[in-house]
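# Examining the three-dimensional arrangement
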Amino acid sequence: MDSKKLEILMTAADLGSFTRASEVVGYTQSGLTHMMDALEQEVGFPLLRRNHSGIQLTEQGARLMPAIREFLQANANLENQIRAIAEEKTEVIRVAAYASIAMHWMPEILYRFRRLCPQVNVDLRMVDHALEPFELLEKGETDVIFASRQNYGCCSWIPLYNDRMYAILPKNYPLKDPGAFPLEEFAGQDFLMPYGRFDIDVKTVLEPVGVKLNSRVCRVDDETVIRMVGRGLGVSMMTELMIRGRTDDVLCVPVDPPAMRELGMGTHIRKKETDSVRRLKECILDFIRDLTAMKRGQREHVDG
């Protein structure tokens, strides 16, 4: 049954005139007459009675009208529901993060964010290349990045955390000071360079003091580099976040003078942020405040 014809029938019967009905529904009077004739042929009996004063429902038409109104209301409800479902779009925030950040920060951050915005999905992409988050941001393939500070003009940068640098040494390394490793001592040693352009952070620390490395690029993950150091195959330098939980077979000693890499969060400088991205940022900043407070408490406990 054509709901449009039934809707026009109801409108015409309520207004008592094809002329007035045509003004409401946007059809010509002759068009309405043709549609009502077709509807009557379809149902098999007259629905409208025409006279000099306008139109009225026939007895059969009047008996059908309550069911027609109910049908049209149900049909309108169905169409509204279909439209609402079709227009429903789950927002997705694309995040790119270094493996160390994805491992140690993101589970807690995502847990907090889901409690605030359960309807928003986060597509987390773990990267192994120091510059890849910025390249993805520049190409519009991610919305939020977590990385160490690099020189990319497309990025609106928020500093989050200073990630301390450590010398990674074999267990039997002859340390002069167990609390500090002079950067100059890296010179001439077999240096296992972290893969994925993380040499940028290493060189940023070593170049100011003029240390030249006998470096060997290792196309393996951080954990494998640490295991190689543990087997006496060389030394390395990594950050606190990169080595966390992997230090059983090596010595991890803060470098001297102390050095850090700045970890932060970036969004595209020309892209308007959604409310959900702003809420995600709030979760991240809350997490960093809690992390910093915990670190401060741990240092005070050790010092005490």
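This text follows the structure it describes.
Notes on the structure follow.

## Regarding the pattern of salt bridges
Summed over all chains, the structure comprises 20 salt bridges. Aspartate 199 is the salt-bridge partner of lysine 203, the closest N and O atoms lying 3.2 Å from each other. Here aspartate 199 and lysine 203 lie together in helix α8 (residues 199–206), a separation of four residues that amounts to about one turn. A single network of salt bridges, built from pairs that share partners, joins Arg94, Asp143 and Lys271.

## Notes on helix α1 (residues 3–15)
With 13 residues, α1 should reach 18 Å at 1.5 Å per residue; the first-to-last C-alpha distance of 18 Å fits that figure. Glycine 16 occupies a position one or two residues after α1 and carries a positive phi of about 70 degrees.

## A short note on helix α2 (residues 18–25)
Every buried residue of α2 is accounted for by Phe18, Ala21, Ser22 and Val25. What you see down the axis of α2 is that its buried residues fit within an arc of 105 degrees, all on one side. When the buried face of α2 is taken as reference, the exposed residues oriented beyond 90 degrees from it are Glu23 and Val24. For α2, the secondary structure elements touched by its buried residues are α1, α3 (29–43), β1 (48–51) and β2 (54–57). One side-chain oxygen at the N-terminal end of α2 lies 3.1 Å from the backbone nitrogen of threonine 19; it belongs to serine 17. At the exit of α2 stands glycine 26, carrying a positive phi of roughly 85 degrees.

## A closer look at empty space enclosed by the protein
In total, this model carries one cavity of 30 Å³ or more according to the counting rule given. By volume, the largest cavity is sized at about 50 Å³. If you list the elements that add at least two residues to the lining of the largest cavity, you get α8 and β10 (236–239). With three residues, β10 is the single largest residue contributor to the lining of the largest cavity.

## Description of the nonpolar core
Counting 41 residues, the largest nonpolar core has Trp105 and Phe146 as the members making the most contacts within it. In terms of residue count, helix α11 (residues 275–303) provides more of this core than any other element does, seven residues in total. In contact with phenylalanine 146, other than residues within four places in its own chain, are Val95, Ala96, Ala97, Tyr98, Ile101, Met106, Pro133, Leu160, Gly264, Met265 and Ile284.

## Considering the environment of glycine 61
Its place among the elements puts glycine 61 in helix α4 (residues 59–87). Look at glycine 61 and you get buried, because its relative accessible area is 2%. In this structure the C-alpha to C-alpha distance between glycine 61 and leucine 9, which are 52 residues apart in sequence, comes to 9.4 Å. What glycine 61 contacts, discounting residues up to four positions off in sequence, is Pro46 and Leu47.

## Examining the packing of aromatic side chains
The geometry of an aromatic ring pair is captured by two quantities: the separation of the ring centres and the angle between the planes. For the structure on display, the rule yields eight aromatic pairs. With 5.7 Å between their ring centres and 90 degrees between their planes, tryptophan 105 and tyrosine 161 make a pair best called edge-to-face. Residue tryptophan 105 is located in the loop between α5 (99–104) and α6 (106–116), and its partner tyrosine 161 is located in strand β6 (residues 155–170); the two are separated by 56 residues in the primary sequence. With a relative accessible area of 1%, tryptophan 105 lands in the buried category. Judged by relative accessible area, which is 10%, tyrosine 161 ranks as buried. Seen from their ring centres, phenylalanine 134 and tyrosine 152 are 5.1 Å apart, and the 20 degrees between their planes marks the pair as stacked. Of this pair, phenylalanine 134 sits in helix α7 (residues 132–138) while tyrosine 152 is found in the loop between β5 (144–148) and β6, placing the two residues 18 residues apart along the sequence.

## Structural notes on the side chain of glutamate 240
Looking at where glutamate 240 falls in the secondary structure, it is placed in helix α10 (residues 240–243). Residue classification places glutamate 240 among the buried positions, given a relative accessible area of 15%.

## Examining the pairing of strand β9 (residues 214–217)
Pairing geometry for strand β8 (residues 190–193) and β9, over four bridges, is parallel. Paired with leucine 192 across the strands is arginine 216, a residue of β9. This β-α-β element, β8 to α8 to β9, shows right-handed connectivity.

## Some details on the packing of α1 against α3
Running from amino to carboxyl end, α1 crosses α3 at an angle of 110 degrees, the nearest separation of the two axes being 10 Å. When the interaxial angle is binned, α1 and α3 end up roughly perpendicular. As α1 packs across α3, the resulting crossing turns out to be left-handed. Of the residues in α3, those in contact with Lys4, Lys5, Leu6, Ile8 and Leu9 of α1 are Leu32, Met35, Met36, Ala38, Leu39 and Glu42. Among the residues making up the contact of α1 with α3, the classes are represented as eight nonpolar, no polar and three charged.

Analysis parameters
Residues numbered from 1 in each chain as written. Predicted model: local features only at pLDDT ≥ 70, side-chain atom pairs only at ≥ 80, totals over all residues. Heavy atoms only, no water. Salt bridge = Lys/Arg side-chain N within 4 Å of Asp/Glu carboxyl O. Helix = DSSP H or I, 4+ residues; strand = E, 2+ residues; numbered from the N terminus. Expected span 1.5 Å × (residues − 1). Buried < 20%, exposed > 50% of the residue type's maximum accessible area, 1.4 Å probe, protein only. Arc of directions from axis to C-beta. Contact = heavy atoms within 4.5 Å. Polar contact = N/O pair within 3.5 Å; in protein donor to acceptor, adjacent residues only side chain to side chain. 1 Å grid on protein atoms, 1.4 Å probe; cavity = no way out; pocket = protein on both sides within 12 Å on 5 of 7 lines; lining within 4 Å. Points joined across faces, edges and corners; volume = space filled by probe spheres on them. Core = buried A, V, L, I, M, F, W, Y, C linked by side-chain atoms within 4.5 Å. Phe/Tyr/Trp six-rings, centres within 6.5 Å; stacked < 30°, edge-to-face > 60°. Pairing = 2+ DSSP bridges. Right-handed = clockwise from strand over helix to strand, strands pointing away. Axes fitted to C-alpha atoms, helices over the stretch in contact; angles between N-to-C directions. Parallel < 35°, antiparallel > 145°, perpendicular 65-115°, else oblique. Left-handed = near helix turned anticlockwise from the far one by under 90°. Nonpolar A, V, L, I, M, F, W, Y, C, P; charged D, E, K, R; others polar.

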